[in-house]
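Overview (structure and organization)
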Amino acid sequence: MAASAARGAVVRERGSRGVDVAGVLVLGSCVLWSLISAGGREARPEGVLLAVLALTAGYACGRITGSLLPVAVALVAALVALGLALASGPGVPGATPVGSVPTGHTGAAAALLVIATGAACCAASAAGSRPARLLSGGLAVAVAGSALVLGSVAGFVASAAVLLCSLAAVRMRRRLLGLVGLALATGLVVGASWAVAEDRLPEGLSVSLEGPLTGHRVLLWQDAVELAKENPVLGVGPDRFGARSATARETFAADGKPHSAALQQAAEQGLPGVALLGATYGWLLWGLWSSPRPTAVVLTAGAALTALAALAAVGNALSFTPVTACAGLLAGLATAGAGGRTSPVDIPVDAPVDGLVH
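Because the structure is predicted, anything quoted here is derived from the model rather than measured. (Residues numbered from 1 in each chain as written. Predicted model: local features only at pLDDT ≥ 70, side-chain atom pairs only at ≥ 80, totals over all residues. Heavy atoms only, no water.)

1. Things to note about the pattern of salt bridges
Summed over all chains, the structure comprises 4 salt bridges. Between R44 and D239 there is a salt bridge; the shortest N-O distance is 2.9 Å. Taken together, the residues R44 in the loop between α1 (2-38) and α2 (46-66) and D239 in the loop between α9 (215-230) and α10 (241-244) connect sequence positions 195 residues apart. Classification of R44 as partly exposed rests on a relative accessible area of 43%. The residue E198 makes a salt bridge to K229 at a minimum N-O spacing of 3.2 Å. With a gap of 31 residues between them, E198 in helix α7 (residues 175-198) and K229 in helix α9 connect regions that are remote in the sequence. Residues joined in a network through salt bridges with shared partners are R44, D239 and K257. (Salt bridge = Lys/Arg side-chain N within 4 Å of Asp/Glu carboxyl O. Helix = DSSP H or I, 4+ residues; strand = E, 2+ residues; numbered from the N terminus. Buried < 20%, exposed > 50% of the residue type's maximum accessible area, 1.4 Å probe, protein only.)

Listed below in structure tokens is the structure:
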């Protein structure tokens, strides 16, 4: 068993080197393409550059601190994300006047709650003592409950889903199957949003979805698809959707976003932008697959990132720097090494099976 675990560790260490190289290439390509698509136009690629910087900084911080104090840092990350969600949520008494918070902030609060739940569940999965597991699990339940205080139904549902996935991940031995399932779930949500924008779904299903999505958001999605068809390669330029969308121009206090990460990329940076966004998500999943952390931690983090991707597919969550930074931090924590120390936390019970699978 020890030999199998050692072989699995070597394979994952080699895989992590390839993940790091791929990360540099993917994120560098995101920066380069945003500059190319903005060239010669009144576009503003600063938002893309800031998002990439926040993701990179959070990921590096998670990798470094997670290798030293994985449980403690995960708990701190959960508390920080929870604090940011409470600060941005419209349901906090006295925070802001009713109705003054744009819908995008609601999506940001839900995304931060999901990340906080994922970080707390990761801490519970990695904890070596029963009190630490109970403390971390209690924090995860409290975070999910706080979504109801904020009035975020989407945040509660997504956080509850992460909690359930975390409980199921404890009994899963093959992380590859779990990660593939998460990737398929993300693709299904993105495909459904595109189908709604193209009006390709059955009439009954379209009507049922238009209620929670709102007709205004569907109109924004339709504008994004039209702009993507007119400019399939370069798009209209980063941060130019608001100026080119008729629906956004006619809406009072609009934020200039289509409230869908994939459709925004398609409209502003063309199909290559969509491909790079998908490659970034794929890179994160690849990093989780090759992570030396326990399978339960890996799948829990993957579930949280998938829930975030689902929220971003139908909302504006990724337009907020704290969300991308916290997402990178969670991914870094879930892919951090053992820092040269070997412990029962670092080598799970299913290590021999995982070593052969991965």
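2. A word on helix α6 (residues 153-169)
Taking 1.5 Å per residue, 17 residues should reach 24 Å; α6 reaches 24 Å between its end C-alpha atoms and fits that length. Here α6 has its buried residues at G155, A158, S159, V162, L163, S166 and A169. In a view along the axis of α6, the buried residues occupy a sector of 145°, so they form one face of it. In α6, the exposed positions angled more than 90 degrees off the buried face are occupied by V153, L164 and L167. Between a side-chain oxygen at the N-terminus of α6 and the backbone nitrogen of G155 the separation is 3.0 Å; the capping residue is S152. (Expected span 1.5 Å × (residues − 1). Arc of directions from axis to C-beta. Polar contact = N/O pair within 3.5 Å; in protein donor to acceptor, adjacent residues only side chain to side chain.)

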